Amino acid sequence: MPDYNLRLIIPEIFLFLWALFIIAFDLGTKRKNPKLIGYLTMGGIAATAVLLYLYHGGISFNNMFKSDPLALFFKVIFLGSAFMAVGSSFDIIAQKIKNHRGEFFGLVLFSTVGMMFLASAGELISLYIGLELTTIPLFILAAYYKDDRISVEAGLKYMVIGAFSSAILLYGLSLLYGLSGTTDIVMMKINLALLYLNTNGIGWALLMAIVMVLAGIGFKLALVPFHMWAPDVYQGAPTPITALLSVGSKAAGVVAFMRIFIDGLYGFADAVMFPLDWGNIVAVLAAAAMILGNISALRQKNIKRMLAYSSIAQIGYVMVGMVAVSELGVGSVGYYMFIYLFANMGAFAVATIFNDNTGSDSIASYAGLSKSSPMISAFMAIFLLSLAGIPPLAGFAAKFFVFAAGIQAGYTWLVILALLTAVVSLYYYANVIKMMYFAPDNPTIKLNTPLSANIVLIIGVAGLIIFGVYPEPILNFALDTARVFGF
Amino acid sequence: MDFPILTYMIFIPLFGFIAVMFLPKEKHTLIRWASAFFSFIPMILSFYLTYIYYFNYSGSADMVFVEGPFSWIAPIKAHYYLGADGISVPMLFLTGLLSFLSILASFNITNRVKEYFSFFLLLESGMIGVFCALDFFLFYVFWEVMLVPMYFLIGVWGGPRKEYAAIKFFLYTLFGSIFMLVAILILYFTSDPHTLNMLELIQTTPGVMGHSLQLLCFAFLFVAFAIKVPVWPFHTWLPDAHVEAPTAVSVILAGVLLKMGTYGMLRISWPMFPEATRFFAVPIAILGLIAIIYGALVSMAQKDLKKLVAYSSVSHMGYCMLALGAYSSVTAISGCMFQMFSHGLITGALFLLVGVLYDRAHTREIAAFGGLGSKLPVFTGLMVLFSMAALGLPGMSGFVSEFMVFIGAFTAPAPDLMIITALAVLGVVLTAAYMLRMVQRVFLGEFNSEKWSGLTEINVREVLTVAPLALLTILIGVYPSPLTNIMKATLENLVNLMAR
């Protein structure tokens, strides 16, 4: 008798119903209340977080759905990114999206539900479905400015590439199934190990599977060389959606990567498994991501494109912790993504506010902002310095843990490279600060921010300062997630 | 220790940083005096600390005023761990004094006053932290924390090329720091059990780390510290940063920040890697020699007064490097510490005085002046005093430190630095040459009464900012033993550690 243990998916069910309610409510009130539905959405996300706190821990649906510490940790990140994305989109909703306001929030919530299912997936099929549910609403959201050519282009591009990468991923997953005879990830780990021992090396089929799954998830993560879509989509999509793409959707990719590679393909990370050693393959991709992301970001004049390339580089840093395949490695990746939530959502929130008030995304137009809006400029400076990894902001602690994991696992070359590229990254982050603070011309742009956006900014800054000075609670929580993999 | 004096010294300016940020932006006078207050307390505490240390602890090499280790980030064993010994006490004294004087000297800042003073207090907090942190993670955090306020201070309130100078300083220093970070991580994972406690690492590292890894870690740390000193050839950020920075920031840069490099070497690299120190001693002494001669020659060619002082720092810090090469001589290492302290006083004062002149004349070009001695006698007197101190006139601190460095390096049991030291003595002549030439061209000769008739004499506030420095320069020049006694026991212990 299978144990469904429905109690564990109450948060997901609630969030799904809440999304339907938001859409219905918006229709029912004749789309008159953009603010109210925004706050309702934020409230629903907060309520989901409470439900998550009440109902977690255990497995259901015969191990298909795991509510373990890893899932819980990442669900907090997903809910946080959805909360902050919704919070920073009030002005967009009020000014630019006259119709389909409810659907905008509803789709954000649907995508979040997908991420939550993905994080809990204990086997390949539910993992894949979770990933699709995450991505498909985002296709629509990326193209939400339907009169804007760039936005539509972004949506279309994202859909074509997303569908393509999903197909590749599915092919890779089917190969894994073919080799192991199971879709259950833990069983797969055991069966692959047995197969490896029995056949004295599995051979090329597993390498193909590894490469395809890596490519499939690499697209979601915008990991080099699967990153080409990211700058255009990030630029074209509404900025809060860009933020959600760069944090929530990326964290979903990270957790999928952990489930498949660190759990399912655990034994194959090491260099002795050549040519199946995915650890080294990923290390090379991480190196490429850090170099390419950071160097391309140097030349960007549009803040969203700059942040797009910066997020390509950031995923490279995350992968440094990932390839360590250790307790500290997994913990540091979790911590990194958690901090990335505050810094990146915050930076995009400022970009959103700026665009709402001035209509511009160009970095040059930030000139002299610190005179007219000292608070927002200071916040932006904190977000960017945290992304660059300057202590005592949390971004530094995150980088420190990731690099510590890398050194511990013997990837010293990768860590040195990562640090060198981090110096490069400071240049383009500091460039925005330079514009805001040092630039002589002062257009006296006065930024008006809605209350919800202020909440988002304050959460971001507080998170970066508090967890920068006192990272221990989050780090312990993140290290706790590593127990899932039995290190 | 009941009273956590070091914590107060770090956190009072930090509290001041936050408090000043919340003051109303138009109340300039209030902001100025509040900042002066928040830097006055740590200065008094640093005097008290020095007083207590001198009378109670200067005979021992132990860490005193120890706080902690309190667990901070348990999973990576980072601790909040502070302490001071004979190396840090003089540096804390210098930091407390120069920070307060610099804030007084900044009272004429009128642009974005609130931000200026709050950044300055944040900077002070970071500097004090560096000089008393005994945990590597904590040390690194303080080391980096200073970069951001410094970046803003140069970038917002600097001279014409401020943006370039600010980012160059930021990137250059960060570039050095990352090597330190790698070295810290290697040390952490090599030690068993893993630790970030510097004192423990000093004891255990020579025993557990292989020769080549020691050399690598030493080299990594050296890059980080050498960029801060700056040792030739890593000095190129210095002239830009010093020249573009506002006066008070130049004082802090030259007086405190440069010392953090040599402090890091004395506190960390040298005792932690004695094998590597022996291995690299002669090259380091040669780098010191190059810095002395090169810095002096470049100073001689400068047309800008501030640039001259900036390059003279490169030359003067070269003496420290030469002394550090003579790792086996207590005299040489004491000379290094003495030079760090005395250079902080002298160069700090020179930057302040150049700032005073610039505020009035709006130029720093040496050729533009002449005969200022007749018009500004007090200013000239002070400037000549510090120029003499910089060129090492007996009776002032610069002479004592250079003499100790030369004696120590010449007679050091190992390595043999006789020839290098002999060549370095040339630096004294070159220093005298550029300093005297500057004095002659700015203060002597014919006064251009048409052009400079509006120049006013140095005012009371400005005299007050340099007077303590003048007093100390002469005091420890005539009677150096209090300073040498403070650091004697610690440095003897250090030399013993390096003989392992």
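Report on the accompanying structure. Because the structure is predicted, anything quoted here is derived from the model rather than measured.

## Remarks on empty space enclosed by the protein
- Summed over the entire model, instances satisfying the criterion amount to seven cavities of 30 Å³ or more.
- Considered as a void within the structure, the largest cavity measures approximately 100 Å³ in volume.
- A388, G389, K399 and L419 of chain A together with Y140 of chain B are the residues nearest the centre of the largest cavity, which is lined by 13 residues in total.
- Breaking the lining of the largest cavity down by element, the ones donating at least two residues are α17 (394–408) and α18 (412–437) of chain A together with α5 (136–145) and α7 (162–190) of chain B.
- The element contributing the most residues to the lining of the largest cavity is α17 of chain A, with four residues.
- Looking at the lining of the largest cavity residue by residue, the class counts come to 10 nonpolar, one polar and two charged.
- Roughly 70 Å³ of volume is contained in the second largest cavity.
- When contributions to the lining of the second largest cavity are tallied by element, the ones reaching two or more residues are α14 (327–358), α16 (374–388) and α17 of chain A.

## Brief notes about the environment of V318 of chain A
All names here are of chain A.
- Considering the arrangement of structural elements, one finds V318 in helix α13 (residues 303–323).
- Sequence spacing of V318 and G368 is 50 residues, and the spatial spacing of their C-alpha atoms is 34 Å.
- With sequence-adjacent residues up to four places away left out, V318 is seen in contact with V254, V333, Y336 and M337.

## Some remarks on the interface of chain A and chain B
- Each side of the interface is counted separately: chain A has 34 residues, and chain B has 36 residues.
- On the chain A side of the interface with chain B, the three residues burying the most area are F400, V423 and F438 of chain A, jointly 21% of the side's total.
- The partner of K434 of chain A in a salt bridge is E163 of chain B, and the shortest N-O contact between them spans 3.9 Å.
- Taken together, the connections running from chain A to chain B amount to five residue pairs in polar contact (both at pLDDT 80 or more).
- Within the residue set of the side of chain A that touches chain B, elements represented by two or more residues are α15 (369–372), α17, α18 and α20 (472–481) of chain A.
- Looking at the side of chain A that touches chain B, the element that brings in the most residues is α18 of chain A, giving 11 residues.
- When grouped by side-chain class, the residues that make up the side of chain A that touches chain B number 28 nonpolar, three polar and three charged.

## Overview of the nonpolar core
- F74, L176, W278 and Y335 of chain A are the most contacted members of the largest nonpolar core, which totals 416 residues.
- Take this core: its biggest share by element is 20 residues, from α14 of chain A.
- Here this core spans two domains, since at least three of its residues come from each of domain 1 (1–272) and domain 2 (279–500) of chain B.
- Ignoring any residue separated from it by four or fewer positions in sequence, one finds F74 of chain A in contact with A119, A251, V254, V255, M258, G334 and M337 of chain A.

## Comments concerning the pairing of strand β2 (residues 78–84) of chain B
- For β2 of chain B, the buried fraction is high: six of the seven residues fall into the buried class.
- Counting the residues between successive antiparallel strands, the hairpin from strand β1 (residues 64–73) of chain B to β2 of chain B contains four residues, one of them, K77 of chain B, with a positive phi of roughly 60°.

## Notes on the packing of helix α3 (residues 69–87) of chain A against helix α5 (residues 101–120) of chain A
Residues and elements named next belong to chain A.
- Where α3 meets α5, the closest approach of the two axes is 9 Å, and the angle between their N-to-C directions is 170°. Accordingly, the angle class assigned to the pair α3 and α5 is roughly antiparallel. Viewed along their axes, α3 and α5 form a crossing whose handedness is right-handed. Across the interface between the two elements, A71, F74, K75, F78, L79, A82 and V86 of α3 pack against F105, V108, T112, M115, M116, A119 and S120 of α5.

## A short note on the packing of helix α12 (residues 274–300) of chain B against helix α19 (residues 426–443) of chain B
All names here are of chain B.
- Close contact between α12 and α19 brings their axes to 9 Å; oriented N to C, the two are set at 15°. When the axis of α12 is compared with that of α19, the two are roughly parallel. Our pair here, α12 against α19, has a crossing hand that is left-handed. Residues I292, I293, A296, L297, S299 and M300 of α12 form the contact with α19, whose participating residues are L426, G427, L430, T431, A433, Y434 and R437.
- Residues of the contact of α12 with α19, tallied by class, amount to nine nonpolar, three polar and one charged.

## Focus: unusual backbone geometry
- The step from V224 of chain A to P225 of chain A runs through a cis peptide bond, and the omega angle for that step is 10°.
- Take P225 of chain A: it is sitting in the loop between α9 (204–221) and α10 (229–236).
- In this structure, the amide linkage connecting V229 of chain B to the following residue, P230 of chain B, adopts the cis form with an omega of -15°.
- Along the chain, P230 of chain B falls in the loop between α9 (211–228) and α10 (237–244).
- You will see that A222 of chain A, though not glycine, has its phi angle at about 55°, which is positive.
- Positionally, A222 of chain A belongs in the loop between α9 and α10.
- The backbone of F65 of chain B shows a phi angle near 55°, a positive value even though the residue is not glycine.
- Relative to the helices and strands, F65 of chain B is located in strand β1.
- On the accessibility criterion, F65 of chain B (4% relative accessible area) is buried.

## Here we look at helix α11 (residues 247–272) of chain B
All names here are of chain B.
- End to end, α11 covers 36 Å across 26 residues, agreeing with the expected 38 Å (1.5 Å per residue, within 8%).
- Along α11, the helix axis deviates most sharply at M265, where the bend reaches about 40°.
- Of all 26 residues in α11, 25 are buried; the element is thus mostly enclosed.

## Section: the pattern of salt bridges
All names here are of chain A.
- Applying the stated criterion to the full structure yields 19 salt bridges over all chains.
- We note a salt bridge from D26 to R31, for which the minimum N-O separation is 2.6 Å.
- Between R259 and D68 there is a salt bridge, and its shortest N-O distance comes to 3.0 Å. Residue R259 is located in helix α11 (residues 239–264), and its partner D68 is located in the loop between β2 (65–67) and α3; the two are separated by 191 residues in the primary sequence. Neither R259 nor D68 differs from the other in exposure class; each is buried.
- Look at the salt bridges and you will find they share partners, linking R149, E153, K157, D232 and R305 into a network.

What counts, and at which threshold
Residues numbered from 1 in each chain as written. Chains lettered and ligands numbered in written order. Predicted model: local features only at pLDDT ≥ 70, side-chain atom pairs only at ≥ 80, totals over all residues. Heavy atoms only, no water. 1 Å grid on protein atoms, 1.4 Å probe; cavity = no way out; pocket = protein on both sides within 12 Å on 5 of 7 lines; lining within 4 Å. Points joined across faces, edges and corners; volume = space filled by probe spheres on them. Helix = DSSP H or I, 4+ residues; strand = E, 2+ residues; numbered from the N terminus. Nonpolar A, V, L, I, M, F, W, Y, C, P; charged D, E, K, R; others polar. Contact = heavy atoms within 4.5 Å. Buried area = accessible area lost by both parts, 1.4 Å probe. Salt bridge = Lys/Arg side-chain N within 4 Å of Asp/Glu carboxyl O. Polar contact = N/O pair within 3.5 Å; in protein donor to acceptor, adjacent residues only side chain to side chain. Core = buried A, V, L, I, M, F, W, Y, C linked by side-chain atoms within 4.5 Å. Buried < 20%, exposed > 50% of the residue type's maximum accessible area, 1.4 Å probe, protein only. Domains from an automatic or database assignment. Pairing = 2+ DSSP bridges. Axes fitted to C-alpha atoms, helices over the stretch in contact; angles between N-to-C directions. Parallel < 35°, antiparallel > 145°, perpendicular 65-115°, else oblique. Left-handed = near helix turned anticlockwise from the far one by under 90°. Expected span 1.5 Å × (residues − 1). Bend = angle between axes of the 7 residues up to and from the residue.

These results come straight from atomic positions and should not be treated as a statement about function.
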